[in-house]
Amino acid sequence: MLRILAIILFLSACSTIKAPSNYTFKIIKTRNFDIASWQKITAPNQPYKIYIEGDGYAFNSHGQPTKDPTPRGTLVRELAFGDNSPNVIYLARPCQYIKSPICSQRHWTTARFSPEIINAEYEAIKQIAANTPIVLIGFSGGAQIAGLVATAKIPLNICQIVTIAGNLDHLAWTQHHELPPLNESLNLESYHQQFNKIPQIHYVGSDDAIIPPHLVKGFVTNNAKVITVDGASHNSGWQKAFREIWQIQCHTPQ
């Protein structure tokens, strides 16, 4: 039944990517949301790599909020499904693929990083990995989720954070684009000191107009590694960095 549901969900997202046979679709139940995930766990006592999805299809081409934030792009799933590490998780955001009763447009617009969203992602990661070391990889708004999960909650065993086109300071981001602030959301900027203590690598796209590289470079400290991917825009051109990201493990030197 779950395999059939997974196929339906992929089709509903207008996706052409299929989960490999060694990945299992699982719904993670948290206090307020059911969260979609695809999981490959072959060595439960070894570190986990958890890929966190971006904001998804939150707005249409006219800038209006959609009724369903399920991502149409496949970047994060391509990364997760191509990773040969023993334990790999693709973790969706609340209201993507699965609509919990609480879901409303605010949860993928002004409240996309609200306490209830962060709590749900934290609960899901805790259920998956418990106290085992974790590498968190966040794309776009998923980078903000990764940072807040790692700093605003009771600490998980995060050995490394990796971001791709990461929205690390959404206030600076909305100001840059002259957008209304996400006034129902937590912001990683409030936990900057704690965030700086975590080993981290940030990938930025040279042609990314959504998250320009200077926004990431202006947020992180000199201790963080920032890698520019030439020719990458926000949603494309990242494949040349895939192999490097797949090789990142908890023991990766900084």
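Residues numbered from 1 in each chain as written. Predicted model: local features only at pLDDT ≥ 70, side-chain atom pairs only at ≥ 80, totals over all residues. Heavy atoms only, no water.

Things to note about the sheet that holds strand E4 (residues 87-91)
Consideration 1: Strand order across the open sheet formed by 8 strands is E1-E2-E4-E3-E5-E6-E7-E8, with mixed pairing between neighbours. Sheet topology places strand E1 (24-29) and strand E8 (225-229) at the edges, where each strand pairs with a single neighbour. The sheet shows a mean angle of 20 degrees between the axes of neighbouring strands, taken without regard to direction.
Consideration 2: Where strand E6 (residues 158-164) and strand E7 (residues 200-205) come together, 4 bridges link them in parallel fashion. Looking at E7, one finds that Ile-161 is bridged to Gln-200.
Consideration 3: Across the sheet, helix H4 (residues 141-151) is in contact with strand E3 (48-52), strand E5 (134-139) and E6; its angle to E5 comes to roughly 145 degrees.
Consideration 4: Relative to the sheet, helix H8 (residues 239-246) contacts E3, E6, E7 and E8, its axis offset from that of E3 by approximately 150 degrees. (Pairing = 2+ DSSP bridges. Helix = DSSP H or I, 4+ residues; strand = E, 2+ residues; numbered from the N terminus. Axes fitted to C-alpha atoms, helices over the stretch in contact; angles between N-to-C directions. Contact = heavy atoms within 4.5 Å.)

Here's the deal with the state of the cysteines
Consideration 1: In the structure shown here, the tally under the stated rule is 2 disulfides.
Consideration 2: The disulfide partner of Cys-95 is Cys-103, and the gap between their sulfur atoms is 2.1 Å. Across the disulfide from Cys-95 to Cys-103, rotation about the S-S bond amounts to roughly -100 degrees, and the bridge is consequently left-handed. Taken individually, Cys-95 and Cys-103 each receive the classification buried, so the pair is uniform in this respect.
Consideration 3: Two residues share a disulfide in this structure: Cys-159 and Cys-250, whose sulfurs sit 1.9 Å from each other. (Disulfide = S-S within 2.5 Å. Buried < 20%, exposed > 50% of the residue type's maximum accessible area, 1.4 Å probe, protein only.)

Some words on the side chain of Gln-200
Consideration 1: By secondary structure assignment, the location of Gln-200 is in strand E7.
Consideration 2: A polar atom in the side chain of Gln-200 sits 2.9 Å from the backbone oxygen of Phe-195. (Polar contact = N/O pair within 3.5 Å; in protein donor to acceptor, adjacent residues only side chain to side chain.)

What to know about H8
Consideration 1: Here H8 has its buried residues at Ala-241, Phe-242 and Ile-245. Take H8 and look down its axis: the buried residues cluster within an arc of 125 degrees, on one side only. Within H8, the exposed residues directed more than 90 degrees away from the buried face are Lys-240 and Arg-243.
Consideration 2: Against E3, helix H2 (75-81), E6, E7 and E8 lie the buried residues of H8. (Arc of directions from axis to C-beta.)

Quick notes on the packing of aromatic side chains
Consideration 1: By the definition in use, this model includes 8 aromatic pairs.
Consideration 2: Considering the side-chain rings of Trp-38 and Tyr-90, the 5.7 Å spacing of their centres and the 55 degrees angle between planes classify their relative orientation as tilted. Of this pair, Trp-38 sits in strand E2 (residues 34-41) while Tyr-90 sits in strand E4, and the two are 52 residues apart along the sequence. For the pair Trp-38 and Tyr-90, a shared accessibility class is recorded, and that class is buried. (Phe/Tyr/Trp six-rings, centres within 6.5 Å; stacked < 30°, edge-to-face > 60°.)

Fair warning: the whole summary comes from geometry, so function is off the table for now.
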